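Residues per chain, in single letters:
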Amino acid sequence: MDQFVVGIIRGSYGLEGMFKIESTSGEYDHFHDMREVTLRKGETERHAVVEFVSVKAGTLLMKCAGIDTPEDAKKLSGWKIVVPRENACPLHEGEYYISDLIGCSLIYEDTRNGLAAGSAPVIGTVTDVLEGGAGDLLEVSLSESRFLRDAGIESEEHGVPRKVLIPFKEEFIGPVDLQGKIIRLMHLWILE
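The model shown is predicted, which means the values in this text are computed figures rather than measured ones. (Residues numbered from 1 in each chain as written. Predicted model: local features only at pLDDT ≥ 70, side-chain atom pairs only at ≥ 80, totals over all residues. Heavy atoms only, no water.)

Colleague: Explain the side chain of Ser 141 to me, using residue names and the numbers behind them.
Modeller: Here Ser 141 shows up in strand β9 (residues 135–142). Apart from the residues lying within four places of it in its own chain, the contact partners of Ser 141 are Ile 123, Gly 124, Thr 125, Thr 127, Pro 161, Arg 162 and Lys 163. (Helix = DSSP H or I, 4+ residues; strand = E, 2+ residues; numbered from the N terminus. Contact = heavy atoms within 4.5 Å.)

Colleague: Describe the pattern of salt bridges, listing the residues and the values that go with them.
Modeller: Applying the stated criterion across every chain yields a total of 5 salt bridges. In this structure, Arg 40 engages Glu 45 in a salt bridge whose closest nitrogen and oxygen atoms are separated by 2.8 Å. Judged by relative accessible area, which is 24%, Arg 40 ranks as partly exposed. By relative accessible area, which is 47% here, Glu 45 ends up partly exposed. With a shortest N-O distance of 3.4 Å, Glu 51 and Lys 63 are connected by a salt bridge. In this pair, Glu 51 sits in strand β4 (residues 44–56) while Lys 63 sits in strand β5 (residues 59–64), placing the two residues 12 residues apart along the sequence. Given the relative accessible area of 46%, Glu 51 is considered partly exposed. Residue class for Lys 63 comes out buried when judged on its relative accessible area of 5%. Each of Glu 51, Lys 63 and Asp 68 takes part in a single network of salt bridges with overlapping partners. (Salt bridge = Lys/Arg side-chain N within 4 Å of Asp/Glu carboxyl O. Buried < 20%, exposed > 50% of the residue type's maximum accessible area, 1.4 Å probe, protein only.)

Colleague: Tell me about a negative patch on the surface, and please be specific about residues and values.
Modeller: On the surface, Glu 27, Asp 29, Asp 33 and Glu 95 cluster together into a negatively charged patch. Locating Glu 95 in the fold gives a position in the loop between β6 (80–84) and α2 (98–101). Of the residues examined, Glu 95 reaches a relative accessible area of 38% and is grouped as partly exposed. (Patch = residues over 30% accessible without salt bridge, like charges linked within 9 Å, V, L, I, M, F, W, Y side chains within 5 Å. Areas by Shrake-Rupley, 256 points an atom, 1.4 Å probe, with all protein chains shown as cover. Lys, Arg positive; Asp, Glu negative; His and termini not counted. Charge placed at Lys NZ, Arg CZ, Asp CG, Glu CD.)

Colleague: Describe the packing of aromatic side chains, and please don't skip the residues or the numbers.
Modeller: For the structure shown, the criterion picks out 1 aromatic pair. Here the aromatic rings of Phe 172 and Trp 189 are separated by 6.0 Å at their centres, their planes lie at 75°, and the arrangement is edge-to-face. With Phe 172 in the loop between β12 (163–167) and β13 (173–177) and Trp 189 in the segment after β14 (182–185), the pair connects residues that are 17 residues apart, well separated along the chain. Taking relative accessible area as the criterion, Phe 172 reaches 16% and is therefore assigned buried. (Phe/Tyr/Trp six-rings, centres within 6.5 Å; stacked < 30°, edge-to-face > 60°.)

Colleague: Tell me what's going on with the side chain of Ser 23, and back it up with residues and numbers.
Modeller: Along the chain, the position of Ser 23 falls in strand β2 (residues 18–23). Polar contacts involving the side chain of Ser 23 include one to the main-chain carbonyl oxygen of Glu 27, which spans 2.6 Å. Those residues within four positions of Ser 23 in sequence are excluded, and the remaining contacts are Val 6, Gly 7, Tyr 28, His 30, Phe 31 and Leu 60. (Polar contact = N/O pair within 3.5 Å; in protein donor to acceptor, adjacent residues only side chain to side chain.)

This is the structure we're talking about:
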């Protein structure tokens with residue numbers, strides 16, 4: 001079952017064991033429907049029953065059963081709130097879960113320059129998605145391919161596959177096929 005980090009506990013609030021949450025998606029509404037969550041720090045996990053969720057002064061707060069003092073809540077600072085995919089924030093069109101993008105093949109499909117659709121070379125594999133100041137960045141480990149060599153793009157540095165960061169924006173990234181695990185690159189120059 002896919003599990004998603006939906007929030008990070010940022011400290012205690014009040015005297016009843018509530019804690020402040022930073023929503024990883026920036027959305028709050030889906031927290032109100034949560035009845036059970038997993039709290040995780042490293043390899044340690046703890047099941048928690050949600051008593052209530054509220055928003056006060058722009059701060060998302062959660063109260064879980066068995067966490068009844070500010071000291072109990074403070075001990076959880078930095079822990080992640082994890083839920084099954086169906087309880088994670090619903091996606092809007094054009095949005096993707098990071099875990100769905102990792103492992104996708106990045107291909108270059110340029111029908112204008114003689115590359116027929118379906119015969120597009122694999123440029124690399126998405127290994128991570130990083131948050132940048134202007135938006136998300138795909139971290140791509142370049143594949144060793146004749147196509148890249150012919151295009152003058154080095155795929156290795158010191159014998160290790162080279163990684164590049166590509167802005168996850170429509171100017172650089174074409175259609176994403178999650179079922180086929182394929183992401184289309186619009187311009188080769190961004191790999192240089």
